[in-house]
Amino acid sequence: MSTTANSTSPFSLARLRFDPWVWLAMAIAALAMVPIVTIFALSWSNNQDIWRHLLDTVFWIYVKNTLVLCLGVALFTSLMGTGAAWLVTRFNFPLKSVLVWALLLPLAVPSYILAFVITDQLEYAGFVQKSLRALFGWQTARDYWFPEIRSIQGAIAVLSLVLYPYVYLLARAAFVEQAAQLFEMSRCLGKSQTQSFFKVALPLARPAIVVGVTLALMETINEYGTVEFFAVPTLTAGIFDVWLNMSSLSAAAQIALLLVSFSILLLGLERYSRNAGKFYKLTGQSPAMFAEPLSGFKAWLATALCLLPISLGFILPITVLTNYALRNLDQGLELYLSSAWNSFSLAIMAALLTTILGLLLAYGVRLSKSNKIRSIAEAATLGYAIPGAVLAVGILYPLGVFDNAVDSLMKAWFDYPTGLLLTGTGGALVLAYSLRFIALSYRTLDASLTKITPEMDDASRILGSRSGKTLWRIHLPLIRPSVLTAMLLVFVDTMKELPITLILRPFNFDTLSTQVWDLASLEQLEQSALAALTILLAGIIPVIIMSRNIGSSERRPQGQ
């Protein structure tokens, strides 16, 4: 009798006692949960004076700005993502075949880089206002009104432009899977195109849209570069202020705990949406929704609406950065090469370590055949939903405790001080990246391992192979594409990561993201263009992978 990886067998300590793979997986899960536990532990400290000061001054501003930012991003990402997904699914219009995958491209642009570029173009000395003054003969800013880009409205616009692809991706998949009969039945009952959309298509796609908005909100509360550059004090920025300006790590941990609670709330909302909004097909073979051709003004309006977010979120930054990079190739090349080396080195090491940890975690879960072990592994991936600044706080403290303990022991035993072995080193950065992005590797590899039938494990065991040999000779060759995908996703996210790098990097150590941040913060976007362009081009790789996966799944006949 065969068993499956999702078996509901009870949690068995006797089984764990004899399976080192399961214990290894639990050890990795425990390591991944160290930052979260640390945040909870630090938050118990007494900081009445600091909190009294915060409550009297900026705390409620942090809360208000965070909520306004989340509400704005939720509104605009849902409108842009759902609208674009409906247009490319329901209608045929010029350039549709290109726009279907091009609408994902803004996802490759880090939000802080888009913030730098848009500010550079829209501020008083930027291209847009200079052109308006030249066109209408205005002399000073008092002669006309122009929206302030460095504001919370500007932050909402920037974040919405780079995060709407989450909603687009999931909403389009939901629209594609909807049966055409339901929509046509609504039309036959006298409902118009718009009424059928709001009464049939949109309710069916609502769970997917909620999941996409939830992902966008998690990225929003994690955001530091954009809100700091636009001088919008949020809870994430407050962690930096309290920690660095008030020198209180425990008060920063207490603010971080609020963000952790918010992240958990969003995860719960996402899980509830998945469970509460399930819809099932009534037949096995349902024709996909028919794409209605548009003509004339409506056709070009649809093209323009889809082109707008791509133009602002991708074409504009890549055009501006390419122009600046070509004009400043000979400036700061030594710093760029040094930063690029650091970024690529850290990203490669983080990708290798994270993929190994994710693989061991997924394989331990598979061998345990226990839902409780799976739940523990799922909890270990919570770090991806926690803001990078929070995770950095949760890692820095235990690293300091470890370094001080080793230093004290070495002094006592050998009269040899070791100093800080991990704190403020590249090793601490790689560890932090791995704990944050282990969700990417675990989920990718777990999904791939689940597709391998358990009978193959049984056959390998009967032939005398242990679990390690089975993993090396049977599973790894079969899941090699997923291993490479997991490594690539971690590599790209590490290249873009900013808050963790800013907090944990060694002194006088720059990566491409910190170089862009430092130079752009000093209004030197042109000098940072080459580094920003490198990060942006690296971010296109996972977008290409997603586009290929979407294309292959849509070409696959239904039922497979």
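Computed from a prediction, not measured in an experiment: that's the story for all the values here. (Residues numbered from 1 in each chain as written. Predicted model: local features only at pLDDT ≥ 70, side-chain atom pairs only at ≥ 80, totals over all residues. Heavy atoms only, no water.)

A. Examining the overall build of the chain more closely. Along the chain, the regular secondary structure elements total 25 helices and 2 strands. Put simply, 83% of the contacts in the chain that link residues at least 6 apart link residues at least 24 apart. For the chain, the computed accessible surface area is about 27,100 Å², with 66% contributed by carbon and sulfur atoms. (Helix = DSSP H or I, 4+ residues; strand = E, 2+ residues; numbered from the N terminus. Contact = heavy atoms within 4.5 Å. Areas by Shrake-Rupley, 256 points an atom, 1.4 Å probe, with all protein chains shown as cover.)

B. Representation of helix H16 (residues 333-368). The end-to-end C-alpha separation of H16 is 52 Å, in line with the 52 Å expected for 36 residues at 1.5 Å each. The first or second residue beyond H16 is Lys-369, which carries a positive phi of 55°. (Expected span 1.5 Å × (residues − 1).)

C. Geometry of unusual backbone geometry. Phi is positive for Leu-95, which is not a glycine, with a value near 70°. With respect to the secondary-structure elements, Leu-95 resides in the loop between strand E1 (91-92) and helix H6 (96-102). Note on Leu-95: relative accessible area 49%, which makes it partly exposed. The backbone phi angle of Asn-508 is positive, close to 55°, even though this residue is not glycine. Along the chain, Asn-508 turns up in the loop between helix H23 (499-504) and helix H24 (512-521). Among the residues examined, Asn-508 registers a relative accessible area of 85% and is labelled exposed. (Buried < 20%, exposed > 50% of the residue type's maximum accessible area, 1.4 Å probe, protein only.)

D. Structural context of the packing of helix H2 (residues 20-32) against helix H17 (residues 371-380). Packing of H2 against H17 leaves a shortest axis separation of 8 Å and a crossing angle of 30°. The angle between the axes of H2 and H17 places the two elements in the roughly parallel class. Between H2 and H17 lies a crossing whose hand is left-handed. Along its contact with H2, which presents Val-22, Met-26, Ala-29 and Ala-32, the element H17 presents Ile-373, Ile-376 and Ala-380. Across the contact of H2 with H17, the residue classes break down as 7 nonpolar, no polar and no charged. (Axes fitted to C-alpha atoms, helices over the stretch in contact; angles between N-to-C directions. Parallel < 35°, antiparallel > 145°, perpendicular 65-115°, else oblique. Left-handed = near helix turned anticlockwise from the far one by under 90°. Nonpolar A, V, L, I, M, F, W, Y, C, P; charged D, E, K, R; others polar.)

E. Molecular detail of the nonpolar core. Judged by nonpolar contacts, the single largest core of 166 residues is most densely connected at Phe-93, Tyr-168, Leu-321 and Leu-504. Beyond its immediate stretch of four places on either side in the chain, Leu-321 contacts Ile-113, Val-117, Leu-525, Ala-529, Ala-532, Leu-533 and Leu-536. (Core = buried A, V, L, I, M, F, W, Y, C linked by side-chain atoms within 4.5 Å.)

F. Fine view of the pattern of salt bridges. Tallied over the entire structure, the rule returns 9 salt bridges. The closest approach of N and O atoms between Arg-366 and Asp-457, which form a salt bridge, is 2.8 Å. Taken together, the residues span a long stretch of sequence, with Arg-366 in helix H16 and Asp-457 in helix H20 (residues 454-462) at a distance of 91 residues. When the shortest N-O distance is used, the salt bridge between Lys-411 and Asp-407 registers 3.3 Å. Here Lys-411 and its partner Asp-407 are both found in helix H18 (residues 388-414), 4 residues apart, which amounts to about one turn of the helix. On the basis of relative accessible area, Lys-411 is assigned to the partly exposed category, the value being 44%. Several salt bridges converge on common partners, so that one network encompasses Arg-505, Asp-510 and Asp-518. (Salt bridge = Lys/Arg side-chain N within 4 Å of Asp/Glu carboxyl O.)

G. Focus on the environment of Ser-43. Along the chain, Ser-43 falls in the loop between helix H3 (34-42) and helix H4 (48-56). By relative accessible area, Ser-43 is classed as buried at 13%. Contact partners of Ser-43, with chain neighbours within four places excluded, come to Ser-250, Ala-253, Gln-254 and Leu-257.

H. Local environment of the side chain of Ser-441. Locating Ser-441 in the fold gives a position in helix H19 (residues 426-450). Taking relative accessible area as the criterion, Ser-441 reaches 0% and is therefore assigned buried. Non-local contacts of Ser-441, meaning those with residues more than four positions away in its chain, are made with Thr-354, Thr-355, Gly-358 and Ala-486.

I. Molecular detail of the confidence of the model for the chain. On average, residues of the chain score 81 in pLDDT, and 89% of them reach the 70 mark or higher. Across residues 1-11 the pLDDT falls below 50, and counting only partners more than four positions away or on other chains, this stretch makes 21 contacts in the model. (pLDDT = per-residue confidence, 0-100.)

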